[in-house]
Amino acid sequence: FFRKGLFALRMTSLTLDQARETVILCNELLQQNIAQIETAKATSAGNPMMLMMQLMPIAISTLGSTLEKYGFPKDQNGVMQFFNAVKVHEEDPEIKKLADEMRAKMLSPELEMLFTMMQAQMAAAAAPAAAPAAGPGTGPSLD
């Protein structure tokens, strides 16, 4: 499903400096909209799917223009790609701290778990398919 469906699009990447810059900008934008985000968290009553349905439009309207400047689509896929592109640089302590702050602003613990699973599926869908291992009977016939 993920290779042919929602996540089949080209993955956008960020340099280390771009990742730092976008996470700082996005944290500022999220902070400006924190009341709206907190209301969505409160009204979702711990239901991660309901929260995702409420937060994604907020994330797209809040972050979309900034993400678009860095080559991400201004939609759910773009938000997911952005989080994955930042995750690549989380070995940098500053980016890790900023990314953790960004996720804490947006995600509840339940949604964090769901989001992490979606990121893993997206990364797997973007990775090149491994060539099948050669085994007995898979080589050319000598007949």
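Note that the structure is a prediction, hence the values are computed from the model and not measured.

Draft legend 1. The packing of aromatic side chains, seen in detail. The final tally for this structure, using the stated rule, is two aromatic pairs. Look at F72 and F82: their rings are 5.9 Å apart centre to centre, the planes differ by 80 degrees, and that puts the pair in the edge-to-face class. Placement of the pair is F72 in the loop between α3 (48-69) and α4 (76-87) and F82 in helix α4, with a sequence separation of ten residues. F82 carries the same exposure label as F72, and that label is buried. Between the aromatic rings of F82 and F83, the centroid separation amounts to 5.8 Å while the plane-to-plane angle is 70 degrees, which identifies the pairing as edge-to-face. The buried category is assigned to F82, whose relative accessible area is 0%. One aromatic cluster is present, built from ring pairs that chain together F72, F82 and F83.

Draft legend 2. Focus on the side chain of T12. The residue T12 is located in the segment before α1 (16-32) in this model. Looking at T12, the relative accessible area reads 10%, which means it is buried.

Draft legend 3. View of α3. An ideal rise of 1.5 Å per residue puts 32 Å on 22 residues; α3 measures up with 29 Å between its terminal C-alpha atoms. In α3, a bend of some 60 degrees at L63 exceeds every other bend along the element. Listed as buried for α3 are L51, M52, L55, M56, I58, A59, T62, L63, G64, T66 and L67. With a side-chain oxygen lying 3.0 Å from the backbone nitrogen of M49, the N-terminal cap of α3 falls on N47. Two residues or fewer after α3 comes G71, characterised by a positive phi angle close to 95 degrees.

Draft legend 4. Structural view of the packing of α1 against α3. Put simply, α1 and α3 touch, their axes get as near as 9 Å, and they point 160 degrees apart. Viewed along their axes, α1 and α3 adopt a mutual orientation that is roughly antiparallel. Between α1 and α3 lies a crossing whose hand is right-handed. Touching L25, C26, L29 and L30 of α1 are T62, L63, T66 and L67, all from α3. Across the contact of α1 with α3, the residue classes break down as six nonpolar, two polar and no charged.

Draft legend 5. Here's a closer look at the environment of K41. Assignment of secondary structure puts K41 in helix α2 (residues 34-43). Taking relative accessible area as the criterion, K41 reaches 18% and is therefore assigned buried. Along the primary structure K41 and M52 are separated by eleven residues, whereas in three dimensions their C-alpha atoms are 9.3 Å apart.

Rules used throughout
- The numbering scheme is per chain: residues are counted from 1 as the chain's sequence reads.
- Where local features are concerned, this predicted model is filtered to residues with pLDDT of at least 70; where side-chain atom pairs are given and counted, the filter is 80 or more; whole-chain, interface and lining totals use all residues.
- As a convention, hydrogens and water are excluded, and side-chain values are obtained from all of the structure's heavy atoms.
- Stacked, tilted and edge-to-face pairs are distinguished by plane angle, under 30 degrees for stacked and over 60 for edge-to-face with tilted covering the rest, among Phe, Tyr and Trp rings (Trp via its six-membered ring) whose centres lie within 6.5 Å.
- Strands are runs of DSSP state E lasting at least 2 residues, helices are runs of H or I lasting at least 4, and numbering of each runs from the N terminus.
- Between buried and exposed lies partly exposed: a residue is buried under 20% and exposed over 50% of the maximum accessible area for its type, with that area taken using a 1.4 Å probe on protein chains only.
- Expected helix span is computed as 1.5 Å times (number of residues minus one).
- What the bend at a residue measures is the angle between two axes, fitted to the seven residues ending there and to the seven starting there.
- Polar contacts, as counted here, are pairs of nitrogen or oxygen atoms within 3.5 Å of one another; within protein the pair requires one atom able to donate a hydrogen and one able to accept it, and residues that are adjacent in sequence qualify only if both atoms are side-chain atoms.
- Here, axes are lines fitted to C-alpha atoms. For helices the fit covers the stretch in contact, and angles between N-to-C directions go from 0 to 180 degrees.
- For this classification, under 35 degrees means roughly parallel, over 145 means roughly antiparallel, 65 to 115 means roughly perpendicular, and everything else is oblique.
- Left-handed describes a crossing in which the near helix is turned anticlockwise from the far one by less than a right angle; the clockwise case is right-handed.
- When checking whether two residues touch, look at their non-hydrogen atoms; a contact exists if any pair is within 4.5 Å.
- Ten residues, namely Ala, Val, Leu, Ile, Met, Phe, Trp, Tyr, Cys and Pro, are considered nonpolar, four, namely Asp, Glu, Lys and Arg, are considered charged, and the remaining ones, Gly among them, are considered polar.

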